[in-house]
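# Working through the structure, step by step
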Amino acid sequence: MASGRNMIVLLIFAFANKSFSETIIQMHPAAHRAHADDKGSGFYCESWRYSVETNDAGEWRSIPARCIEFVKDYITGERYRSDLEVVAENSLEFVKNVKMVGDGKDAWVFDIDETLLSNVPYYAAHGFGSESFNEKTFNDWVGLAEAPALTASLRLYKELSEMGVTLILLTGREEFQRNATEKNLLDAGFSHWEKLLLRNPLDKGKPATTYKSERRKEIEDEGYTIHGCSGDQWSDLMGYAMGIRSFKLPNPMYYIP
Ligand SMILES: [Mg+2]
């Protein structure tokens, strides 16, 4: 008798469960398609941005035309600032628990563009990444030395400096841009870096991952412990001699291999 009742309960449960599952299965694909096919929607562009930040998008040359407004809203709005704040907070949380050697060789490697300095004023005048990269106009912009600081990164930079961490700047900018870069960094509030490493003529044509890995290896060979690396490109953070932790800052405007 008891097993008969159990059987009825099981059948009711199985039926209800099947109906529930079917309801879910029937509802969601249609809802999902409606969004995914809407190519102008923020939903698509959010998904595209996610794929960029997770490095799933691979090599890409310009942002999708339908996402220009989305990237503009993101990069000039509160969300970008908030994302940068969280990355800086995570970096600080990590470094506060690091056991420092204390010999002046506890290092942190920062990229510069879209990591310490913001080129948003330049990209705002060039389609927020929808236009092909123009080396001449970008170099002209770098020469002006007017890129503002990313506030969250500046705060992290200063806190690391106060904690006695040695700050090393490793950029894809070239040696001829050293003076403008130094002036821009100082004007924006960054100071007391140990090294500012720029591409020299021998680095020309090297993928950023190779160039930056080689430089970090040299840093390690000089006896530094790289506790953290901050960069807006995966090529700032991958390769070898990557340090103990990597911190990826958001950048939906361009991709550097
Ligand atoms: Mg960068």
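Keep in mind that what you see is a predicted model, and the values were worked out from it rather than measured.

## Quick look at the overall build of the protein chain
- Assigned secondary structure in the protein chain consists of nine helices and five strands.
- Helices and strands appear in the protein chain in the N-to-C order α-α-α-α-β-α-α-α-β-α-β-α-β-β.
- Burial analysis of the protein chain (257 residues in total) assigns 31% to the buried set.
- Long-range contacts, defined as pairs at least 24 residues apart, comprise 75% of the intrachain contacts of the protein chain with a sequence gap of at least 6.

## Description of the nonpolar core
- Within the largest apolar cluster, 45 residues are counted, with the highest numbers of intra-cluster contacts made by Val71, Ala107, Val109, Phe110, Leu116 and Leu167.
- Counting only elements with at least two residues in this core, the list comes to helix 3 (68–75), helix 4 (78–96), strand 1 (106–110), helix 7 (151–162), strand 2 (166–174) and strand 4 (225–231).
- No other element matches helix 4, which puts five residues into this core.

## Looking at helix 3
- Turning to helix 3, its buried residues are Phe70, Val71, Tyr74 and Ile75. Within helix 3, the buried residues cover an arc of 115° as seen down the axis, which keeps them to one side.

## Details of the sheet that holds strand 1
- Taken in spatial order, the five strands of this open sheet run 3-2-1-4-5, and their pairing is parallel. Both outer strands of the open sheet, strand 3 (195–199) and strand 5 (245–248), are each paired with one neighbouring strand and no more. Neighbouring strand axes in the sheet, compared pairwise and without regard to direction, differ in orientation by 20° on average.
- Relative to strand 4, strand 1 runs parallel, the two being bridged by five bridges.

## Notes on the packing of helix 4 against helix 7
- Where helix 4 contacts helix 7, the two axes come as close as 8 Å, and the packing angle between them is 15°. For the element pair helix 4 / helix 7, the angle class is roughly parallel. Handedness of the helix 4/helix 7 crossing: right-handed. Of the residues in helix 7, those in contact with Leu84, Glu85, Ala88, Ser91, Leu92 and Val95 of helix 4 are Ala152, Ser153, Arg155, Leu156, Glu159 and Leu160.

## Some details on the pairing of strand 2
- Among the nine residues of strand 2, seven are classified as buried, and the element is accordingly described as predominantly covered.
- Relative to strand 2, strand 1 runs parallel, the two sharing four bridges. What sits directly across from Trp108, in strand 2, is Leu167.
- Summarising the sheet, strand 2 and strand 3 pair through four bridges and their orientation is parallel. Of the residues in strand 3, the one forming a bridge with Leu170 is Leu197.

## Concerning the environment of Lys96
- With respect to the helices and strands, the residue Lys96 is situated in helix 4.
- You can call Lys96 exposed: it has 9 C-beta atoms within 10 Å.
- Put simply, Lys96 and Leu160 are 64 residues apart on the chain and 9.4 Å apart in space, counted from C-alpha to C-alpha.

## Side note on helix 4
- Spanning 19 residues, helix 4 covers 27 Å between terminal C-alpha atoms, matching the ideal 27 Å at 1.5 Å per step.
- Of all the positions in helix 4, only Tyr80, Leu84, Val87, Ala88, Ser91 and Val95 are classed as buried. Projection of helix 4 onto a plane perpendicular to its axis shows the buried side chains occupying an angular sector of 95°, all on one side. Facing away from the buried side of helix 4 by over 90 degrees, the exposed positions are Glu78, Arg79, Ser82, Val86, Glu93 and Lys96.

## Quick notes on the environment of Arg155
- In this structure, Arg155 sits in helix 7.
- Using a count of 17 C-beta atoms within 10 Å as the deciding quantity, one classes Arg155 as partly exposed.

## Quick word on the confidence of the model for the protein chain
- Looking at the protein chain as a whole, the pLDDT averages 89, with 84% of positions reaching at least 70.
- In this model residues 9–37 is a low-confidence stretch, pLDDT under 50, and it forms three contacts with partners more than four residues away in sequence or in other chains.

## Quick look at unusual backbone geometry
- Not every positive phi belongs to a glycine, and Phe128 is a case in point at roughly 55°.
- Its place among the elements puts Phe128 in the loop between helix 5 (120–124) and helix 6 (135–144).

## Topic: the environment of Trp141
- With respect to the helices and strands, the residue Trp141 is situated in helix 6.
- On the neighbour-count criterion, Trp141 (19 C-beta atoms within 10 Å) is partly exposed.
- Not counting chain neighbours up to four residues away, the residues in contact with Trp141 comprise Asn119 and Tyr122.

Conventions we followed
- Throughout, a residue's number is its position along its own chain's written sequence, starting from 1.
- For this predicted model, a pLDDT threshold of at least 70 governs which residues receive local features, and a threshold of 80 or more governs which side-chain atom pairs are given and counted, while totals over whole chains, interfaces and linings are taken from all residues.
- Segments assigned H or I by DSSP are reported as helices when at least four residues long, segments assigned E as strands when at least two residues long, and all are numbered from the N terminus.
- Here a residue counts as buried when 20 or more other C-beta atoms fall within 10 Å of its C-beta, as exposed when 12 or fewer do, and as partly exposed in between; the C-beta atoms come from the backbone.
- Once C-beta atoms have been placed from the backbone, residue pairs whose C-beta atoms lie within 7 Å are recorded as contacts.
- By convention in this section, buried Ala, Val, Leu, Ile, Met, Phe, Trp, Tyr and Cys residues joined through C-beta atoms within 7 Å make up a nonpolar core.
- This arc describes the spread of directions from the helix axis toward the C-beta atoms.
- The pairing criterion for strands is at least two bridges between them, as found by DSSP.
- Geometry is summarised by axes, namely lines fitted to C-alpha atoms with helices restricted to the contacting stretch, and by angles between N-to-C directions that run from 0 to 180 degrees.
- Between 65 and 115 degrees an angle is taken as roughly perpendicular, under 35 as roughly parallel, over 145 as roughly antiparallel, and anywhere else as oblique.
- A clockwise turn of the near helix away from the far one marks a right-handed crossing, whereas an anticlockwise turn of less than a right angle marks a left-handed crossing.
- Here the expected span of a helix is defined as 1.5 Å times the quantity of residues minus one.
- As a per-residue measure, pLDDT reflects the predictor's confidence and takes values from 0 up to 100.

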